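Fold and contact review
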Amino acid sequence: MPEGLSGQPLRRREDARFLTGAGRYTADLEAPGALHLHVLRSPHAHARVLGIETGAARTMPGVRLVLTGVDLADAGLGPLPCPAVVRTIGPLVVPDRHALARDRVRHVGEPVACVVAETSAEARDAAEAIEVSYDPLPAAVDGRAALAPGAPQVWMQAPGNQAFRFERGDRAAVEAGFACAAHVVSLDLVNQRVHAAPIEPRAAIGRHDAATDSFDLLLSGQSVHNIREQLAGPVLGVPADRVRLSCPDVGGGFGLKNFLFPEHVLVLHAARLLGRPVRWVADGSEEFQAAVHARDLQGTARLALDAEGRFLALHADMAADLGAYCSAFGPGVPTNSISNAMGTVYAVPAVLLEVRGAFTNTLPVDAYRGAGKPEANYMMERLVDAAARRCGFDPVALRRRNLVTAFPHRSAFGITMDSGGFAEALDAVEALADRAGFAARRAESEARGKLRGLGLACFLETARGAPGEWAAVRFADNGLVDLALGTQSNGQGHETSFAQVAADRLGLPFESFRLVQADTALVARGNGHGGARSLHMGGTALVLAIEAVLGRARRLAAHLLQAAPDDLAFAAGRFAVAGTERGVDLPALARAARDPANLPDGMAPGLDAEADNPSDLITFPSGAHVAEVEVDLDTGEVALVRYQAVDDYGNLVNPLLTEGQVQGGLAQGIGQALMERVVYDPDSGQLLSASPMDYALPRASDVPPLPVRFISVPTASNPLGVKGAGQAGAIAAPPTVMLAVLDALAPLGVSALDMPATPERIWKAIHEASGGGARPPA
Amino acid sequence: MYDFDYHKPSSVADAVKLLSADPDARAISGGQTLLPALKHRLNRPTYLVDLSGIAELRGVKREGDKITVGAMTRHIEVQNSPEVKSAIPALAYMATVIGDIQVRNRGTMGGSVANNDPAADYPSAVLGLGATVVTDKRRIAADDYFQGMFTTALEPGELLVAIEFPIPEKAGYAKMRNPASRYVMAGVFVAKTKDGVRVVVNGAGPGVFRQTDMEQALSANWSPDAVAGIKQASEGLNSDIHGSAEYRAHLVSVMAKRAVTDAG
Ligand SMILES: Cc1cc2nc3c(=O)[nH]c(=O)nc-3n(C[C@H](O)[C@H](O)[C@H](O)COP(=O)(O)OP(=O)(O)OC[C@H]3O[C@@H](n4cnc5c(N)ncnc54)[C@H](O)[C@@H]3O)c2cc1C
């Protein structure tokens, strides 16, 4: 790796823009002549739609269009596709998901009709004048309950509400492992449904050009090419090159904005019918019922150990709640994504994952920061700690005994891990944890009426997201250099980190680079955000594009300097003839390359180059974390008092940004462990956690300082040696924090507790463990 | 939000005139409750009467053995008021645990007490201290003022002008915050005044209420241990996704003990 800016903790170039309010978000953008679209949503979890009366709404002031599901059917719009590819046993049921419901609504918040008007208020007024007559039906609300006999049916074509059955692993080997085990632990676990809750709600502006019958969608999104793929052919029935998607600044996404949503279809279709731009901006609380939810996996996980504590087999039997429809990658998360990480950092010879996907009358579920890996790690770490506690092993020693230490390592599912500092991270975090001093800290807490617990967990991330990525390097007239990538930043700092990579390799000043992203007109292809993939996948594509630029530049330099290409040395942005003063720098070459007269025979003008990175390799970020909590026995409140991460992300292009990514993920993971929970009423299917007043998101005061120590074990899977850091925190924190809470409660006999560890749940657990006494005997 | 007209009078008399002229007019003080309701279209006032231009509604005064807080006094002003801090520190402390800094910079005591959200903080201090609610027309004793969830003795068009708090010998407050909203899950305000001991519970029930068993216990023995063992019945208490009625009942005993400790 070249010396230089890579590895430097540079502050983000985008900070000034974001911190001074100069960021540009979809809702801020001018769209002259734009109309406003408002969506009327189902108030029922499950109902037949008997009729929709739109007459009054159509005549209201400012109203230009009212659409229902029938109108979309007449217009021939296709259903939103589900591109997830999952090797299921038997079929994967993908019911039609139309942008507006037709004869039935299947979750609270499902779009039923939309109004387009001159102002947002007029659109809302008219939406209130639409009368929908519903015949309410019983609702299936919980994933596991929906799969049980007698549950209300969400879809005719999915008997028993089963969307799919998935199995991966060697059942016979797993059964053999359990048969000869000295110890078996089995846990019933719930990885609860959560909402990513980015600060910027979804928003979109749709345009249509009648002359060319082409569409333009400006959106707060994270994956323009993939969304276009799903939108153009399957829904609009036009070739992809007639649909342009682009995103301005995006105020957080965490995966939620990777997907095609009904509202995207609505603004484009309305723009086509009306010949004017159409704007839609979600309300903050609309997002809780109508965007997409995440996680929601529950079931039994079992671990078999021999007498010395070596892991023999791992088995998970899970129900995954998909919600009412298959969202884009909904079925892929609890299957493919989880299975890649099963067993995590441990050598487990036999693994079996069984998952049943369930339809329920709830909002669809899809990928969110970590997507599958939080689930795999949570079950593993809960099992390991339970095994240590029940069988009398030291929890750190038990982990150490089972860590993968020899690389490359082939997992039970045949996935090859090339590198990792698992043991190094565990040793380091154990030292930082000061386990020896814990007894004194626990006693000190107890003196203040608090129970203290220490949780230590390892984690493994399998980072890549969609395979393959594209990048281009383009020299502008003004001396600036555009770096175009098919990945996307929505706050991660790509304008900074990719400039660091390019500056070192091209020998040009950091300031000379501009990032081009998230626009299908300017970026040929790409897989956007997701899966902690940008530096690994996109950075590699960028390196390849830079190498192509340098190849062209070398050829031109050789021609201009009348030297053989191989006699030129490239350093600090300059090609020089070895052993002489003769040379030419890159900006001069870029200028010269514009004039065909300067070029050698057969060379096309310009130095610009693009490259595809065809890699489908996964990187394996990992680490070990420790948390300490104090539990208030009287109220059940948990205070997270200490946290330490020791993580491996390979080479760090920018340790400051890496640290920020890890800390942001940790905050979300802490939220999942202690606070966050999407709650539907189990009978009516009404959403009870419908705004931040009831959906508890962590605030700064809920999060202690989050120091991250890096150990860097570079990977050979990409030329930068980097591993993805974007999701790790949200993967590692839930088990680490929950193990600390369970450690605090262990002396009271509490061993079963699900996330989020809310004050009431803890109080109940204490209450039940103490046989009904309000406060357990000390 | 639906369309509405907007008025900003500069006297109580003008505000009252505006409010009584139209039953669908609404006063707005800090807007921390009303604005979200308007945004969600849960409320459709013809016009809003903004009270922030009325100087006589603002500020804290100490006169003899009472503290008078104007209706438009913001939570942050109560929190920082030297008069409140020295005379009724429990009330100043209470202001510090309302919502977050943005809410405290906008929200007002009058708005909170007029609204009487069962999960609000101030109503417990008003009832616990036996305060008097002063309106443009009359003086209402706290005992007669609170009438259950979001309901008070205020009549349509009646303006809350100030609240007079008798200065207690001792008072204390403890609150368990709702983890999402930071409103009260269960809270207890205790006070010892020349008229006796009061223990008021907020957050746990459909409105503020006095906990008479605890009042008796504290009258006999003012100490945290005197209330710690007294159980609150869970019947009639609130139950939601954050806490069952049983949990809230349990919290009442815990908060009572802490409130007495806080009072000293
Ligand atoms: C995020 C958030 C967190 C919060 N957390 C808490 C908390 O922890 N504890 C808590 O107690 N509160 C909390 N609140 C509420 C806050 O304290 C509000 O300020 C308060 O409830 C209402 O006061 P306001 O001045 O904003 O009233 P407004 O919203 O302006 O008005 C509320 C109601 O009172 C009426 N009204 C206002 N002034 C008068 C008057 N002088 N006479 C007659 N009627 C009047 C209005 O017409 C309206 O119906 C929170 C609010 C938010 C947004």
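No experiment lies behind these values; they were computed from the predicted model shown.

1. Looking at the site of the ligand
Residue and element names in this part refer to chain B.
- In the region of the ligand, 31 residues are neighbours, and Gly30, Gln32, Gly99, Gly107 and Gly111 sit closest.
- Those elements giving two or more residues to the shell around the ligand turn out to be β2 (26-28) and α7 (109-115).
- Counting residues per element, the shell around the ligand draws most heavily on α7, at five residues.
- Residue composition of the shell around the ligand, by class: 14 nonpolar, 13 polar and four charged.

2. Considerations on the confidence of the model for chain B
- In this model, chain B carries an average pLDDT of 97, and 100% of its residues clear a pLDDT of 70 or more.
- This complex was scored by the predictor with a pTM of 0.97 and an ipTM of 0.95.

3. A short note on the interface of chain B and chain A
- Facing 12 residues of chain B, the contacting portion of chain A comprises 16 residues.
- Ranked by residue count, the leading element in the side of chain B that touches chain A is helix α12 (residues 245-263) of chain B, at four residues.
- Grouping the constituent residues of the side of chain B that touches chain A by class yields seven nonpolar, five polar and no charged.

4. Here we look at the domain arrangement of chain A
All names here are of chain A.
- Looking at the assigned domains, one finds that chain A contains domain 1 (15-20 + 466-613) and domain 2 (418-463 + 618-769).
- Between the C-alpha centres of domain 1 and domain 2 there is a distance of 40 Å.
- At the interface, 14 residues of domain 1 touch 16 residues of domain 2.
- Contributing elements (two or more residues each) for the side of domain 1 that touches domain 2: α15 (494-506) and α16 (534-561).
- For the side of domain 1 that touches domain 2, the leading source of residues is α16, giving five residues.
- Class assignment for the residues of the side of domain 1 that touches domain 2 results in four nonpolar, nine polar and one charged.

5. Some details on the domain arrangement of chain B
- By the assigned domains, chain B splits into domain 1 (1-49) and domain 2 (170-263).
- Just the C-alpha atoms count here: the centres of domain 1 of chain B and domain 2 of chain B sit 34 Å apart.

6. Some points on the environment of Ala433 of chain A
Residues and elements named next belong to chain A.
- With respect to the helices, strands and loops of the structure, Ala433 is situated in helix α13 (residues 422-433).
- Residue class for Ala433 comes out buried when judged on the 22 C-beta atoms lying within 10 Å of it.
- Taking the C-alpha atoms as reference, Ala433 lies 27 Å from Asp634; in sequence the two are 201 residues apart.

7. Brief notes about the sheet that holds strand β23 (residues 574-577) of chain A
Residues and elements named next belong to chain A.
- Strands sit in the order β22-β23-β24 across an open sheet of three strands; the sheet is antiparallel. Lying at the two open borders of the sheet, with one neighbouring strand each, are β22 (568-571) and β24 (583-585). Ignoring strand direction, the axes of neighbouring strands in this sheet form an average angle of 20°.
- Of the pairings in the sheet, the one linking β22 to β23 comprises four bridges and is antiparallel in character. Looking at the pairing, Phe570 lines up with Phe575 of β23.
- Running over the sheet, α16 touches β22, β23 and β24 and is turned about 130° from β22.

8. Quick word on the packing of helix α11 (residues 373-391) of chain A against helix α19 (residues 728-745) of chain A
Residue and element names in this part refer to chain A.
- One way to put it is that α11 packs onto α19 with a least axis distance of 8 Å and a crossing angle of 30°. With respect to their mutual orientation, α11 and α19 come out roughly parallel. In this structure, α11 crosses over α19, and the sense of that crossing is right-handed. Contacts between α11 and α19 involve Lys373, Pro374, Asn377, Tyr378, Glu381, Arg382 and Asp385 from the first element and Ala730, Ile731, Pro734, Pro735, Leu739 and Leu742 from the second.
- Of the residues that constitute the contact of α11 with α19, the class distribution is eight nonpolar, one polar and four charged.

9. Description of the sheet that holds β2 of chain B
Residues and elements named next belong to chain B.
- An order of β1-β3-β2 is seen for the three strands of this open sheet, with the pairing classed as parallel. Both edges of this open sheet fall to β1 (5-7) and β2, since each of them pairs with a single strand only. Shown here is a sheet whose adjacent strand axes are inclined to one another by a mean of 30°, direction ignored.

Calculation rules
- Residues numbered from 1 in each chain as written.
- Chains lettered and ligands numbered in written order.
- Predicted model: local features only at pLDDT ≥ 70, side-chain atom pairs only at ≥ 80, totals over all residues.
- Near = placed C-beta within 6 Å.
- Helix = DSSP H or I, 4+ residues; strand = E, 2+ residues; numbered from the N terminus.
- Nonpolar A, V, L, I, M, F, W, Y, C, P; charged D, E, K, R; others polar.
- pLDDT = per-residue confidence, 0-100.
- Contact = placed C-beta atoms within 7 Å.
- Domains from an automatic or database assignment.
- Buried ≥ 20, exposed ≤ 12 C-beta atoms within 10 Å, placed from the backbone.
- Pairing = 2+ DSSP bridges.
- Axes fitted to C-alpha atoms, helices over the stretch in contact; angles between N-to-C directions.
- Parallel < 35°, antiparallel > 145°, perpendicular 65-115°, else oblique.
- Left-handed = near helix turned anticlockwise from the far one by under 90°.

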